[in-house]
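Per-entry structural report
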Amino acid sequence: MTWSNPRRAAPLARISRSALLANARLLARDPDVVADLRRDAWGHGIDVAARAAAAAGVRFARADERDAAVIAAAGLELVDREPETGELLYGLPRSGGAPALVLSTPILSTKRLLAGEGVSYGYTHRAVADTRVALIAGGYAEGVVRALGNRVGVELAGAVRPIIGRVAMDVCVIDIGDADVAAGDEAVYFGSGLVRDGLTGWVDATGLSTAELVCAVGLHVERKVTE
C-alpha cells in the first residue's frame, strides 16, 4: 500500500515535573539514596530531574561527568556509588511510581486497507478483512524499536489500536477499524491511560529493559516539560 502526501510531524515526550517530584519524595525516604541521573536522567532531562530530586530531599546523585555543573546547581552531591534502582524516580512499570514520561504522537493520515492488502516493508501484515489504517509519527529513529511491529499497540479514541507491519524509520501503521479518527488526532505509545504501563509490552517484544527503552525514546524525540 502507498500513502499520498502524509503530513510531517514527530512524536513528543511530555515530562511531568509533578510526577518526578512525587517519585523523588518516595526515594527520599532513604536518606542515603542515590538518584540515578545518568544518560540525561534516562532521557527525561537532567535539569528537571535533578531539581525535582533535590526539592524532594534527595542529597546524592550519580550522573555523567558532563552534567556535574547541573548537579551542583541543583544542590545535589555527585557520587560514584551505584544507585540501587532508577525505575522509581521515573515511574516505570511495577516501580510503584507515577510515569514521568508520556510518549504521544499525531495521526499523519488515514486510508482504507482492503482484505489481502499488506502494509510496510515485506508485508509482514496483511488485512484479513476490509479495514481502515492510520499512519502515525514515530519509528526506530525515535526509539520506537522495529521489533514492536505486530506486537504492541497505541491508545487512540478510547481503545488500544495495534501497530501492524514493520516499524519504519520515522513512522508506523496502526489498524483503526471504524474508529472516528482523522489526521491531527493524538495517539499515545505509553505512559498514560490504557497504555500507562505500555512499556511492559515493549520489553516483552524487544528483550530490552524499560530503562533502555525509555532512555532511547527520551534522547531521540522532542521533550516538553509539563506540570
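Report follows, based on the coordinates.

Thresholds, definitions, all that
- Residues numbered from 1 in each chain as written.
- Predicted model: local features only at pLDDT ≥ 70, side-chain atom pairs only at ≥ 80, totals over all residues.
- Heavy atoms only, no water.
- Helix = DSSP H or I, 4+ residues; strand = E, 2+ residues; numbered from the N terminus.
- Rg over C-alpha atoms; globule rule 2.2 N^0.38 Å.
- Buried < 20%, exposed > 50% of the residue type's maximum accessible area, 1.4 Å probe, protein only.
- Contact = heavy atoms within 4.5 Å.
- Areas by Shrake-Rupley, 256 points an atom, 1.4 Å probe, with all protein chains shown as cover.
- Polar contact = N/O pair within 3.5 Å; in protein donor to acceptor, adjacent residues only side chain to side chain.
- Phe/Tyr/Trp six-rings, centres within 6.5 Å; stacked < 30°, edge-to-face > 60°.
- Arc of directions from axis to C-beta.
- Core = buried A, V, L, I, M, F, W, Y, C linked by side-chain atoms within 4.5 Å.
- Salt bridge = Lys/Arg side-chain N within 4 Å of Asp/Glu carboxyl O.

1. Examining the overall build of the chain
Along its length, the chain carries seven helices and 13 strands. Over its C-alpha atoms the chain spans a radius of gyration of 19 Å, differing by no more than 12% from the 17 Å that the globule rule assigns to 227 residues. C-alpha atoms of the chain, sized along the principal axes, occupy 60 × 30 × 30 Å. For the chain, buried positions account for 49% of its 227 residues. Contacts spanning at least 24 positions in sequence make up 71% of the contacts within the chain whose residues lie at least 6 apart. Accessible surface computed for the chain: about 10400 Å², of which carbon and sulfur atoms make up 49%.

2. With respect to the side chain of S16
Checked against the element boundaries, S16 lands in strand β1 (residues 12-16). A polar contact of 3.1 Å, which involves the side chain of S16, links it to the side chain of S18.

3. Section: the packing of aromatic side chains
The tally for this structure, following the rule as stated, stands at three aromatic pairs. A centroid spacing of 5.1 Å and a plane angle of 85 degrees characterise the contact between F190 and W202, whose relative ring orientation is edge-to-face. Taken as a pair, F190 in strand β12 (residues 186-190) and W202 in helix α6 (residues 199-206) lie far apart in primary sequence, twelve residues in all. Taken individually, F190 and W202 each receive the classification buried, so the pair is uniform in this respect. A connected cluster of aromatic rings, assembled from ring pairs, spans Y189, F190 and W202.

4. Some words on α6
Every buried residue belonging to α6 is among L199, W202 and A205, and all of these are buried. Buried residues of α6 fall within an arc of 115 degrees about the axis and therefore sit on the same side. Following α6 by one or two positions, G207 adopts a phi angle in the positive range, close to 80 degrees.

5. Details of the nonpolar core
The biggest cluster of nonpolar side chains holds 57 residues, and the ones touching the most others in it are L37, Y90, I174, Y189, F190 and W202. When residues in this core are grouped by element, the largest group, six residues, is from helix α3 (residues 46-55). The residues contacting I174, other than those within four sequence positions of it, are I107, R132, V133, A134, I136, V154, L156, R161, P162, I163 and I164. In this structure, L113, V119, A127 and L135 belong to the second largest nonpolar core, which totals eleven residues.

6. Comments concerning the pattern of salt bridges
Scanning the entire structure with this criterion turns up ten salt bridges. Between D32 and R59 there is a salt bridge, and its shortest N-O distance comes to 3.3 Å. Highlighted residues: D32 in the loop between α1 (17-27) and β2 (34-36) and R59 in the loop between α3 and β3 (60-62), separated in sequence by 27 residues. With relative accessibility at 43%, the residue D32 sits in the partly exposed group. Take R59: its relative accessible area is 43%, and that puts it in the partly exposed class. A salt bridge links D197 to R196, with the shortest nitrogen-to-oxygen separation between them at 3.5 Å. Judged by its relative accessible area of 34%, D197 falls in the partly exposed class. Connected through shared salt-bridge partners, D36, R38, R62 and E82 make up one network.

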